[in-house]
Every structure is written in C-alpha cells, then in structure tokens.
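If you want the building blocks of each chain, they are given just below.
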Amino acid sequence: MGIDVGGTAIKGGAVSADGEVLDKGEIPAAVDEGPEAVVDRIAALARGLGARAALGLGVPGLLDRDEGVVLSSPNLRPLDGFPLRDELARRLGIAPPAVRIENDANVAAIGEHWLGGARGEDHVLMITLGTGVGGGLILDGHLFVGDGGGGEVGHTVVDPAGPPCGCGQRGCVEVLASATAARRRALEAGLSDDLIELAAAARAAQGPERTLLEAVGRDLGRGLGTVVTLLDVRCFLIGGGFGRALDVLIGGIAEGIAERSTGPDREDLRILPATLGPDAGWIGAARMTC
Ligand code: BGC
C-alpha cells in the first residue's frame, strides 16, 4: 500500500507485486488543520483501503528517513518536525519500521520507473510540476538521494535576483516554473491565472499566453541544463498537474537546457510526459514495500 501526501489531496492505493492496481482512494489534505489532523486523515484513508502489513508514504520536503520525520517542507510547513512515521504507525497499530517515508517526487519517480513512462530507463530525472517543483533522480536504475536530500531540482537557483522561494533562496526553479509560479506570472502579465485556459490559449495561437508558457518552460529548462551538465542525464519525465501543459512548455524547456548546459552532443535529449498521472506517487510509495 502506498500513500502520497500533497498540499491539497492525500491519495493512496494498493497495488500487487506485479503491478496490478487493486484499490485506490483520495481525500482532501486539510493541512491547515495541523499535523495531527493530517495523520488522522492518512490513517483513515489507509484503513479504508484495507489493512496491510507495510505502508509506503510519499511526503514533500526534506526528510529524516531513519526517524520518519519531516525536516523541512516549503509547501507543507505544518508538517515540519512532525514524527509522521511513528504517529501513523501508532494509529494503524503497526510497527514504525513497517512505514517507509520518502520524498513525494522520489516516490513518483519510483512509480513511473516501475510502471510508467520511465520504464526501462537507466538514468532519468522525474519532475513534478504542481504547488512546488519536485525532482526524483533515477541513476543506474535506482533512486539516487545522495546523503538524503538529492534530486531537489526545484530549488536549483536559475535567477539569483528572482522572487523569494519558500526554501529561503531567490529565483529557484520552483518559484519560476511551478503551477503556483505560472499562475502568479500570468496575473502579472494581465492574463487568466486558470492554467487550463492559459494552456489552451497558448495551443491555439501565437500570443501572450504562448510567450508566457515558453518563458516558464525556459526557466525550468535552465535548471535542467545544470543537471545535464553535471550528470549527463538525457531523459526527463514531466509530471504533476501542470505537467499536462508539457506540449506548450516543451519548446521553452529545450531552449533553457540548450542555454544552460554544456558537454557532449545533446541530440538525443528526451523530454517525455509522465504516464501514471496522479497515481505515480502512491504507486511508487507502495513499490517501496514490495
Ligand atoms: C519540495 C520538494 C517536493 C516538491 C514538490 C518542493 O518545494 O522541496 O521536496 O518534492 O516541492 O512537492
């Protein structure tokens, strides 16, 4: 069983070891009600999906995996310092080590690598475009986290003079290219902040909407360019709700990568859509337990 904790919704489900989705569900996160309420909701969703001996949990931010604690979550501040694993295990009546916590973008990468658009890729960076920008890095077929916090491409600085980010820096990819940032930039440009409308207008004609989404894509690409230079990763999988606008972001993304990367021939760069949609995170979280 896997659960994916987001700013607006908590999604979960059960999947068999050979990848068949057995059950799934979703409830509002209501994070403003505080961490105790969030963990109550996670437990209720897990119970509703049926008792399982082990559970994987995807959570945004930097985590202490050994202690099962959220250290710092720019978009879910109420969870900072909260002993999520132990509190959840207690409510479910299971041993704390049976609950594995992992970053939300990392579990999305695991899910997509197992059953989705990253299947068979040796090296791939999964990017989730939503309230924040998450990164999950697969190297040599395995999730890579360095000493724990690796893959956080959303907090790569692309414009040091840019807007302040929830992480404390300025001009991060997240504050320029997340769904939240795209809405802010649209309003600043006098456009609709409805991202579905914005993407539709960008698709329909060369106008200010397309210019804006190209600029948003370019800022994301600038962050990815650094990844290309450093790691020579050539496959990028774009997911998250705002990832559905990939067709209108992709030109800007490619430009940004070209502008900010160096190294061997990049002809074979691939920028692909994620294929598991909102299920990627919980499926990857579940995968950690089988
Ligand atoms: C957090 C990441 C998370 C991403 C998407 C970022 O602000 O730092 O850990 O993956 O948001 O939720």
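Please read these numbers as outputs of a predicted model, since none were measured by experiment.

*Asks:* How should the nonpolar core be read in this particular structure?
*Replies:* Across soluble globular proteins, you tend to see nonpolar side chains buried next to one another. Formed by 40 residues in total, the largest nonpolar core has its most connected members in Leu125, Ile127, Leu224, Phe236, Phe242 and Ile253. Listing elements by their share of this core, those giving two or more residues are strand E8 (124-129), strand E9 (133-139), helix H4 (173-177), helix H5 (179-188), helix H6 (195-204), helix H7 (208-231), strand E11 (235-239) and helix H8 (246-259). Look past the residues within four positions of Phe236 in its chain and what remains in contact with it is Leu125, Ile127, Leu224, Val227, Val228, Ile257, Leu269, Arg270, Ile271 and Leu272. Core analysis: the next-biggest nonpolar cluster, separate from the first, contains 26 residues, Ile3, Val31, Leu57 and Leu63 among them.

*Asks:* Could you clarify how one ought to interpret the pattern of salt bridges in this entry?
*Replies:* Close approach of charged atoms lets side chains of opposite charge pair. Per the counting criterion, the structure on display carries 18 salt bridges. One salt bridge connects Glu87 with Arg90, and the closest N-O pair in it is separated by 2.8 Å. Of this pair, Glu87 and Arg90 both sit in helix H2 (residues 84-92), three residues apart, which is roughly one turn of the helix. Accessibility expressed as a relative area gives 15% for Glu87, which makes it buried. Between Arg260 and Glu259 there is a salt bridge, with its nearest N and O atoms 3.4 Å apart. Taking the relative accessible area as the measure of exposure, Arg260 reaches 37% and is therefore partly exposed. Note on Glu259: relative accessible area 42%, which makes it partly exposed.

*Asks:* Even after reading the chapter, I still don't get the pairing of strand E7 (residues 99-103), so can you show me in this structure?
*Replies:* Side chains on a regular strand alternate between the two faces of the sheet. Counting buried positions along E7 gives four out of five residues, so the element sits mostly inside the fold. Sheet topology places strand E4 (residues 55-59) next to E7; five bridges connect them, and they run parallel. Pairing of Val59 across the sheet is with Asn103, part of E7.

*Asks:* Looking at this structure, how should I read the sheet that holds E9?
*Replies:* One key point about sheets: their strands pair by backbone hydrogen bonds, in either a parallel or an antiparallel sense. Read across the sheet, five strands follow the order E10-E9-E8-E11-E12 without closing on themselves; strand pairing throughout is mixed. What marks the edges here is a single partner per strand, and that holds for strand E10 (142-143) and strand E12 (270-273). Two strands pair when backbone bridges link them, and E11 and E12 are joined in this way by four bridges, in the parallel orientation. The residue of E12 that forms the bridge with Ile238 is Pro273. Packing against the sheet, H7 makes contact with E8, E9 and E11, and its axis sits at approximately 160° to E8. Strands E8, E11 and E12 of the sheet are contacted by H8, whose axis makes an angle of about 155° with E12.

*Asks:* Before we go on, may I ask you to explain the environment of Ile238 in this structure?
*Replies:* By secondary structure assignment, the location of Ile238 is in strand E11. Sequence-wise, Ile238 and Thr128 are 110 residues apart; in three dimensions their C-alpha atoms are separated by 6.1 Å. If we ignore the near neighbours within four places in the chain, the residues touching Ile238 are Ile127, Leu129, Gly243, Leu246, Ile253, Ile271, Leu272, Pro273 and Ala274.

*Asks:* Is there a simple way to think about the state of the cysteines in this case?
*Replies:* Simply put, disulfide is the name for a covalent bond between the sulfur atoms of two cysteines. For the coordinates displayed, the defined rule picks out zero disulfides. In this model Cys167 remains outside any disulfide bridge; the closest cysteine sulfur is found in Cys172, 3.6 Å from its own.

*Asks:* Sorry if this is basic, but what is going on with the side chain of His155 here?
*Replies:* Summarising the element assignment, His155 is placed in the loop between E10 and H4. Of the residues examined, His155 reaches a relative accessible area of 18% and is grouped as buried. The contact partners of His155, leaving out residues within four places of it in the chain, are Pro74, Cys165, Cys167, Gln169, Cys172 and Glu174.

*Asks:* Mind showing me how you'd approach the sheet that holds strand E2 (residues 9-15) here?
*Replies:* Reading across from one edge, E3-E2-E1-E4-E7 is the order of the five strands in this open sheet, with mixed pairing throughout. Across the chains shown, the open sheet's two edge strands, defined by having one partner strand only, are strand E3 (21-28) and E7. Averaged over all pairs of adjacent strands, the angle between their axes in this sheet comes to 15°, without regard to strand direction. Contacts between H2 and the sheet are confined to E4 and E7, with E4 contributing the most and set at about 140° to the helix.

*Asks:* Help me understand the environment of Arg210, please; the structure alone is not making it clear to me.
*Replies:* Along the chain, the position of Arg210 falls in helix H7. A residue is classified by how much of its surface remains accessible, and Arg210, at 22% relative accessible area, is partly exposed. Considering only alpha carbons, one finds Arg210 and Gly252, 42 residues apart in sequence, at a separation of 9.9 Å. Those residues within four positions of Arg210 in sequence are excluded, and the remaining contacts are Ala202, Arg203, Ala204 and Ala205. At a separation of 3.4 Å, a polar atom in the side chain of Arg210 contacts the main-chain carbonyl oxygen of Ala205.

Conventions used here
- Residues numbered from 1 in each chain as written.
- Predicted model: local features only at pLDDT ≥ 70, side-chain atom pairs only at ≥ 80, totals over all residues.
- Heavy atoms only, no water.
- Core = buried A, V, L, I, M, F, W, Y, C linked by side-chain atoms within 4.5 Å.
- Buried < 20%, exposed > 50% of the residue type's maximum accessible area, 1.4 Å probe, protein only.
- Helix = DSSP H or I, 4+ residues; strand = E, 2+ residues; numbered from the N terminus.
- Contact = heavy atoms within 4.5 Å.
- Salt bridge = Lys/Arg side-chain N within 4 Å of Asp/Glu carboxyl O.
- Pairing = 2+ DSSP bridges.
- Axes fitted to C-alpha atoms, helices over the stretch in contact; angles between N-to-C directions.
- Disulfide = S-S within 2.5 Å.
- Polar contact = N/O pair within 3.5 Å; in protein donor to acceptor, adjacent residues only side chain to side chain.

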